[in-house]
Amino acid sequence: MSNTTVAHPVTSSFKIETLTSLISLQAIEADWRKLEIDNSGKTTVFQSYDWAMAWCQAYLETDSKTELHVLTGKINGHVAFILPLAKTRKHGLTILDWLTDPIGQYGDILCAPNHNPQSWLEVAFQHLVKTKGIDLVRLRHVRANGNVHEFAKANLQDAKYNERAPFLDLTAYKTEADYDQRYTSTQRKRRKKIRKSLEDMGQVNFKTVNIGQEVDKLIEDSISEKNAWLSDRGRFNRIMGCAQHVNFLKNVSRSKSGTLNLLATELSAGGKPVSWEIGFRYQGTHFAYITSHVNALTDLSPGRLHMDLSQRLALVDGQKTFDLMVPYDVHKDSWSSGTIPTNDYFMPVTALGKIYGFAYLCNLRPLIRKIYYSLPPQALRLLQPLTRR
């Protein structure tokens, strides 16, 4: 696959380039990493170079329907802008999604300081409109505080999927004693009851797992039990059910750059694991990516105690934010101090893309989701063959 270059209409020193090969992506590693550092604190782990490369290694070789389509903006030969996308075939259409979607939970651009993200986005989308063979550009989970939000809100179509990303501001607590004060007496009693139930099984231990093979096993066990929990409720999650997901997480765990760190923790009782968390540490934020527990112990709620211990650990380690990510659920209230709105946007390029965008994304998809989440487990189990497609 070759790269294409389109000069800015005003000056030839301003260029938009489309990277479609892994080699071309690796060639801009230094520029990408610099943008991560300089991006005014708006870059999340899901726009990091290490995250993108781990995804490429796990997915590109196994998914013939997905191709790289990363737009870079250069001035005088230096990368000042990155719009990370991937081209996929879905439902008979060719769609540009965020690179690493749906594994990546938030989507955004990277932009150099003192550059206007809106100006770059305007030129980039003018380029995308002229790209042959594209039916639709779809941007999921755009955060209200992200670089791309204002442009998307003003220029793209709202896909009518509004979410909230809950987070805990750890800077509000100087010590663990301060952290304790955030709990109500009812919440404290609930956590003590959970610990007592686990102690009946034996000594309770919370630890960080950082040895390669032990991390691999934790990843495998965590996802296996998560899928068992979903299956008992008749549900299917396309991320948890993805065959490459385990390999992807193992790739991330082996990252040696020091920029992105996978943090795996395990809660055990009587020497046996009862719950796990797979999180990522990035630029002062802990991203709680997967929380899971032994499905047979669901009634004991070990995950509640695990989350408490995980947030305490993040505080002790000097993290500034604990991000619980989308979707917003009521049970996350006790773990968060605020939420950041997220929205889905799209831009149709062809008539077929327009039909798909307005008919399916704006109308049919929200209706399907509403019906799906209102159905009892018995009905959902009957629908499982359809949800796995």
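Here the residue numbering is sequential within each chain, running from 1 through the sequence in written order. Given that this is a predicted model, residues contribute local features only at a pLDDT of at least 70 and side-chain atom pairs are listed and counted only at 80 or more, while totals for whole chains, interfaces and linings are drawn from all residues. Water and hydrogen atoms were dropped before computing side-chain values, which therefore reflect all heavy atoms in the structure.

**A closer look at the pairing of strand β14 (residues 285-293)**
By the criterion of burial, β14 is predominantly enclosed, with eight of the nine residues buried. Here, any two strands with at least 2 DSSP bridges between them count as paired. Strands are runs of DSSP state E lasting at least 2 residues, helices are runs of H or I lasting at least 4, and numbering of each runs from the N terminus. In terms of strand pairing, strand β13 (residues 272-282) meets β14 through eight bridges, oriented antiparallel. When the bridges of β14 are listed, Trp 276 appears paired with Ser 292. The turn linking β13 back onto β14 is made up of two residues, and Gln 283 within it adopts a positive phi angle of 50°. In terms of strand pairing, β14 meets strand β15 (residues 321-323) through three bridges, oriented parallel. Within β15, the residue paired with Thr 285 across the bridge is Thr 321. Handedness of the crossover is the feature at issue here: the chain leaves β14, passes through helix α10 (residues 302-316), returns alongside β15, and the resulting connection is right-handed. Residue burial is assigned from relative accessible area. The probe radius is 1.4 Å, only protein chains are included, and a residue is buried under 20% of its type maximum, exposed over 50%, and partly exposed in between. Consider the strands pointing away from the viewer: the crossover is right-handed when the path from the first strand over the helix to the second runs clockwise.

**Brief notes about the side chain of Glu 277**
Tracing the chain through its elements places Glu 277 in strand β13. Residues counted as positive are Lys and Arg, residues counted as negative are Asp and Glu, and His and the chain ends are not counted. One side-chain nitrogen of Lys or Arg within 4 Å of one carboxyl oxygen of Asp or Glu is enough to make a salt bridge. Despite being buried, Glu 277 has no salt bridge partner; Arg 281 is the closest side chain of opposite charge, sitting 7.2 Å away. Counted as a polar contact is a pair of N or O atoms within 3.5 Å, where, for protein atoms, one must be capable of donating a hydrogen and the other of accepting one, and residues adjacent in sequence contribute only when both atoms are in side chains. Separated by 2.4 Å, the side chains of Glu 277 and Ser 310 make a polar contact. Whether two residues are in contact is decided by their heavy atoms: any pair within 4.5 Å suffices. Residues within four places of Glu 277 in sequence aside, it is in contact with Leu 263, Ala 264, Thr 265, His 286, Phe 287, Ala 288, Tyr 289, Ile 290, Thr 291, His 306, Ser 310 and Phe 322.

**Some words on the packing of aromatic side chains**
Two aromatic rings, taken as a pair, are described by how far apart their centres are and by the angle between their planes. Note on aromatic contacts: the rings of Phe and Tyr and the six-membered ring of Trp form a pair at centre separations within 6.5 Å, being stacked when their planes are under 30 degrees apart, edge-to-face when over 60 apart, and tilted otherwise. If you walk through the whole model with that rule in mind, you get 17 aromatic pairs. Centre to centre, the rings of Tyr 179 and Tyr 183 are 5.5 Å apart; their planes meet at 90°, and the pair counts as edge-to-face. On the basis of relative accessibility, which here comes to 0%, the residue Tyr 179 falls in the buried class. In this structure Tyr 183 comes out as buried when scored by relative accessible area, which is 5%.

**Side note on unusual backbone geometry**
That bond from Asp 101 to Pro 102 is cis: its omega, 5°, falls within 30 degrees of zero. Within the secondary structure, Pro 102 is located in the loop between β7 (93-98) and β8 (110-111). For the bond from Val 326 to Pro 327, the omega torsion is -5°, close enough to zero to count as cis. Tracing the chain through its elements places Pro 327 in the loop between β15 and β16 (338-348).

**Concerning the pairing of strand β6 (residues 85-90)**
Relative to β6, strand β3 (residues 66-68) runs antiparallel, the two being bridged by three bridges. Looking at the pairing, Thr 66 lines up with Thr 88 of β6. As paired elements, β6 and β7 share six bridges and run antiparallel to each other. The partner of Lys 87 across the bridge, within β7, is Leu 96. Once β6 ends, the chain turns through two residues before running back antiparallel as β7, passing His 91 with a positive phi of about 55°.

**Some details on a nonpolar patch on the surface**
A grouping of Leu 364, Leu 367, Ile 368 and Ile 371 is seen on the molecular surface, where their side chains present a nonpolar patch of about 350 Å² in accessible area. You can see Leu 364 is positioned in helix α11 (residues 351-372). Each patch is built from residues lacking any salt bridge and having more than 30% relative accessible area; the joining distance is 9 Å for like charges and 5 Å for nonpolar side chains (Val, Leu, Ile, Met, Phe, Trp, Tyr). Note on areas: Shrake-Rupley, 1.4 Å probe, and residue coverage restricted to the protein chains presented here.

**Observations concerning the sheet that holds β13**
Strand order in the open sheet formed by eleven strands is β3-β6-β7-β9-β16-β10-β15-β14-β13-β12-β11, and the pairing between neighbours is mixed. Each edge of the open sheet carries a strand with a single partner, namely β3 and β11 (204-209). For this sheet the average axis-to-axis angle between neighbouring strands, irrespective of direction, equals 25°. With nine bridges connecting them, strand β12 (residues 261-269) and β13 associate as antiparallel partners. Bridging across to β13, Glu 266 finds its partner in Trp 276. To define axes, lines are fitted to C-alpha atoms, for helices over the stretch in contact only, and angles between the resulting N-to-C directions are given on a 0 to 180 degree scale.

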